[in-house]
Amino acid sequence: MGLSSDRIVVVTGASRGAGKGIALALGDTGATVYVTGRTRTEGDAPLPGTVFATADEISRRGGTGIPVVLDHGDDSQVAAFFAELAEKHGRLDILVNNALTIPDGLTDKGPFWEKPLTLLDLLDVGMRSSYVSSYYAAPLLAANGSGLVVNTSSFGGACYMHGPAYGSGKAAVDKMAHDMAVDFRPYNVAVVSIWMGLLKTERTLAGLAANPDAYADLTATAESPEFTGRVIDALAKDPELMRRSGKVLIGAEVAEELGVKDIDDRQPPSHRPFLGDPPVFSAAVID
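Residues numbered from 1 in each chain as written. Predicted model: local features only at pLDDT ≥ 70, side-chain atom pairs only at ≥ 80, totals over all residues. Heavy atoms only, no water.

With an unreviewed UniProt entry as reference, the protein chain is termed NAD(P)-dependent dehydrogenase (Short-subunit alcohol dehydrogenase family), source organism Nocardia neocaledoniensis. Database annotation for the protein chain, UniProt heading Sequence similarities (unreviewed entry): "Belongs to the short-chain dehydrogenases/reductases (SDR) family." (UniProt positions renumbered as here; feature names shortened; annotations may be inferred.)

A. Fine view of the nonpolar core. Counting 32 residues, the largest nonpolar core has Val11, Val33, Leu148, Ile232 and Leu235 as its most contacted members. For this core, the element with the highest residue contribution is helix α8 (residues 225-237), accounting for 6 residues. Among all residues touching Val11, those that are not within four sequence positions of it are Gly19, Ile22, Ala23, Leu26, Val33, Tyr34, Val35, Thr36 and Val96. Formed by 23 residues, the second largest nonpolar core is a distinct cluster that contains Leu92, Ala137, Leu140 and Phe184. (Core = buried A, V, L, I, M, F, W, Y, C linked by side-chain atoms within 4.5 Å. Buried < 20%, exposed > 50% of the residue type's maximum accessible area, 1.4 Å probe, protein only. Helix = DSSP H or I, 4+ residues; strand = E, 2+ residues; numbered from the N terminus. Contact = heavy atoms within 4.5 Å.)

B. Local environment of helix α3 (residues 75-88). For α3, which comprises 14 residues, the first-to-last C-alpha distance of 20 Å matches the rise-based estimate of 20 Å (1.5 Å per residue) to within 8%. If you check which residues of α3 are buried, you get Val78, Phe81, Phe82 and Leu85. The buried residues of α3 occupy an angular sector of 90° when the element is viewed end-on, so they sit on one face. Seen from the open side of α3, the exposed residues pointing more than 90 degrees away from its buried face are Glu84 and Glu87. In the core, the buried residues of α3 are packed alongside β1 (8-11), β2 (32-37), β3 (64-69), β4 (94-97) and α4 (124-144). Residue Gly90 follows α3 closely and has a positive phi angle near 75°. (Expected span 1.5 Å × (residues − 1). Arc of directions from axis to C-beta.)

This is the structure we're talking about:
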């Protein structure tokens, strides 16, 4: 499909973490990148980062960053945002569904019934918000005659990771990509889910710093938050993109295939050998 310099991109949940990295990497291509998130001012969240800081950095690096303060738990705000996007541009080229609530207690040890019930919040801003953003973005993507929707996901969709709330959320966005791809195929819009590895996000680095020796080997294999954005850029340029539509992809494996390196020129490894294979869905279609 070719990623041109005037491409319109939306990255949800991009105040920090994976979303920020993806937005920066896509902004590096010269794209106009809409950065959504709830954090307006430093200090509003426990971790650093705001939508304005991400957008400013995109613009400093040669793209056009546009901050959008948006709560993805509020459908009306999402609808209004995409309506404004339609009025201003009339199209959308790439949507990255990354917004995710990380509830307290997610990584606590123990069975799910000993963890807070609020872990289910990640099914709202995560699973459900990916559906809602895709729903309102769909007419803009379909009107192009080409496009790409990416759900950011992880190996937790197939292995036990942080318990059933997290796992079911990731498995859901993986299946969502498969099913949305069926509906989008006549419009030449690809939908994929990308399994990311351990990311060097603000949250992860803080955790690793507390016990650096214990996690040294793991840290050595970690991906920068921008790595997935580089993978998405390569996918968008790939003439064979549509053959990948509907699949769950391991970001590190796509990167190796398409010649993508991380920002430090490393080739991050795939964790398939010890975390498992992506699901393979049935080709049957029942309307």
